[in-house]
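Structural overview
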Amino acid sequence: MFANRSIVIMIRFNTVVGAVAEGDSYLGRPRLVCNVWKLVAAGEHLLMAAPRRVGKTSFMRDVEREPEPGFHPVYLIVESARDEKDLFRKLYAKAIEMVSTKVELTRKLGALWKRLSVEVTTDGLKLTAADADSYNDLLILLKGLPAKEHFVFLVDEFSQAVENIRKIHGAEAAVGLLHKMRELRQDPDVVKRVSFVFAGSVGLEQIVGKLNASHAINDVLAFDMPPFTPKEAHALLERILDGSGADMPMPVREHLLEKLVWLIPFFIQVVMNEVEEILNEEEGTTVTKKLVDHAFTKALAKRNYYDHWHQRLSILFDTLERRYAKEVLNLCSAGKPVAMDKVHDIGTTKHKLPDTYMDIVRSLIHDGYLVRDGDARALRFASPLLMRWWAQTIAP
């Protein structure tokens, strides 16, 4: 039936744009992983300080896969937590899940299960009471761990959980959670056995600052996760091209990275996704500078690549703050750095935000919209690609 159908050869790049990059699609950052474990071994709790789309989640999963001896990392995402009880239930359930995978550890803690809402079965450990005091049970479990067993909670989107609680239950409830988490970290019996590594696409420091609760995380060390170096960016391009049959000469690769400026995995993947599509449309195998330029233009037309940056303003800011943030972004999208004096003036005079305008600016920088230009006296978009999309789609 299909004997006469033409054979179509398609170029296939190893790109991942929407999903979390893992396995062969993920470019490891072993030096950063080693630094995490060095700090955790020294007793530090960490906060991943990085803009959106830098690859925090992929990195945390990599940390989970590469534990140091004696450490038990466990990754969980708490973005959906709507109250304190829900968040601690997630932490407790994940701790139980981790223990249940360690047969010897489960046996050592045998006497402890009688004090907790946990049943030991042939399939592992199971929670038996949905309405149990998860915080208290978690505390009992962590204190009961053997001294040489060290849990590391890799808590993704913790800042979003705090923000959820603030919006639903008020600032007092959010601050209460922050203090309770601090008490957990500071407990002398827990600190010997447990470390926390937090990350999130919403800046935790900005959230606690707005809550006047910065002291609640002053025991957590900021861990910088920068964009790729040129060497790492080239390694990612090599990973993307591997086995595809496409030829992308080094000058063309340099051209692509020079146009991107801000070397984060997401934008490299986005442009290479478009390069693949063009090659297949043209039935070609060689990537040229002209083709790369065409890929940038095509990428600008796909709103799904960028829409979350616009929508996120509604999550980060209230109505008045959002108006100010959008005006700053609109000004920066014109292509020239915007002086901090002007940023100050429109924040304090036009938008009447003298006490909070710099918090908004810092949030825009943390979330990867903007960077300080040159001598730090001006702001510009971090990504020229995002800047061009914002200028043609959002700015008036």
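What comes next is a walk through the structure. (Residues numbered from 1 in each chain as written. Predicted model: local features only at pLDDT ≥ 70, side-chain atom pairs only at ≥ 80, totals over all residues. Heavy atoms only, no water.)

With that out of the way, let us pick up the pattern of salt bridges. Close approach of charged atoms allows side chains of opposite charge to pair. For the structure shown, the criterion picks out 22 salt bridges. Notably, a salt bridge pairs Asp62 with Arg65, separated by 3.6 Å at the nearest N-O pair. Linking Asp62 with Arg65, this pair stays in helix H2 (residues 56–65), spanning 3 residues, or about one helical turn. The exposure class of Asp62 is buried, given its relative accessible area of 11%. Residue Arg89 pairs with Asp86 through a salt bridge whose shortest N-O separation is 3.5 Å. Residue Arg89 and its partner Asp86 are located together in helix H3 (residues 84–100), separated by 3 residues, close to a single helical turn. (Salt bridge = Lys/Arg side-chain N within 4 Å of Asp/Glu carboxyl O. Helix = DSSP H or I, 4+ residues; strand = E, 2+ residues; numbered from the N terminus. Buried < 20%, exposed > 50% of the residue type's maximum accessible area, 1.4 Å probe, protein only.)

The buried fraction of helix H17 (residues 357–366) is high, at 7 of 10 residues. Every buried residue of H17 is listed here: Tyr357, Met358, Ile360, Val361, Ser363, Leu364 and His366. Against helix H9 (204–210), helix H14 (307–316), helix H15 (319–332), helix H16 (340–350), strand E9 (370–373) and strand E10 (378–381) lie the buried residues of H17. Just downstream of H17, Gly368 is the residue with a positive phi angle, here 85°. (Contact = heavy atoms within 4.5 Å.)

A word on the environment of Leu329. Its location among the elements puts Leu329 in helix H15. The class of Leu329 is buried, set by a relative accessible area of 0%. Sequence separation between Leu329 and Trp390 is 61 residues; the distance between their C-alpha atoms is 8.1 Å. Excluding residues that lie within four positions of it along the chain, Leu329 makes contacts with Leu313, Leu364, Tyr369, Leu370, Phe381 and Trp390.

Overall, the coordinates contain 17 aromatic pairs when judged by the stated rule. A centroid spacing of 4.8 Å and a plane angle of 35° characterise the contact between Phe158 and Phe198, whose relative ring orientation is tilted. With Phe158 in helix H6 (residues 158–169) and Phe198 in strand E6 (residues 194–199), the pair connects residues that are 40 residues apart, well separated along the chain. On the basis of relative accessibility, which here comes to 2%, the residue Phe158 falls in the buried class. Directly above the ring of Phe296 sits Lys259, whose terminal nitrogen or CZ lies 4.8 Å from the centroid. (Phe/Tyr/Trp six-rings, centres within 6.5 Å; stacked < 30°, edge-to-face > 60°. Lys NZ or Arg CZ within 6 Å of the ring centre and 35° of its normal.)

Moving on, we come to the sheet that holds strand E5 (residues 150–156). The 5 strands are arranged E2-E5-E6-E1-E7 in an open sheet whose pairing can be described as parallel. The outermost strands of the open sheet, each flanked by one partner alone, are strand E2 (71–77) and strand E7 (220–224). Across the sheet, the axes of successive neighbouring strands diverge by a mean angle of 20°, strand direction being ignored. Here strand E1 (residues 45–49) pairs with E6 via 2 bridges, running parallel. Counterpart to Leu47 in the pairing with E6 is Phe198. Sitting on the sheet, helix H1 (residues 30–41) is in contact with E1, E2, E5, E6 and E7, with an inclination near 170° to E7. (Pairing = 2+ DSSP bridges. Axes fitted to C-alpha atoms, helices over the stretch in contact; angles between N-to-C directions.)

Here we come to the pairing of E5. With 7 of 7 residues buried, E5 lies mostly within the body of the structure. Of the two faces of E5, the one holding His150, Val152, Leu154 and Asp156 and the one holding Phe151, Phe153 and Val155 are both buried throughout. The pairing of E2 with E5 spans 7 bridges and is classified as parallel. Looking across to E5, one finds that Ile77 is bridged to Asp156. As defined by bridge partners, E5 adjoins E6 across 6 bridges and the pair is classed as parallel. Bridge pairing in E6 links Leu154 to Val197.

Turning next to the sheet that holds strand E8 (residues 338–339). Strand pairing in a sheet relies on backbone hydrogen bonds. The paired strands run either parallel or antiparallel. The sheet built from 3 strands is open, its strands ordered E8-E10-E9 with antiparallel pairing. Looking along the sheet, the strands with just one partner apiece sit at the ends: E8 and E9. Of the strands in this sheet, E8, E9 and E10 touch H15, which is tilted by about 80° from E10.

Glancing now at the pairing of E10. The two faces of a sheet get side chains in turn, since along a regular strand they alternate between them. Looking at chain direction, E8 and E10 are connected through 2 bridges and run antiparallel. By the bridge assignment, Ala339 is partnered in E10 with Ala378. Sheet topology places E9 next to E10; 4 bridges connect them, and they run antiparallel. Bridge pairing links Asp373 to Ala378 in E10. Counting the residues that bridge the hairpin from E9 to E10 gives 4 residues, and of these Gly374 lies at a positive phi of roughly 55°.

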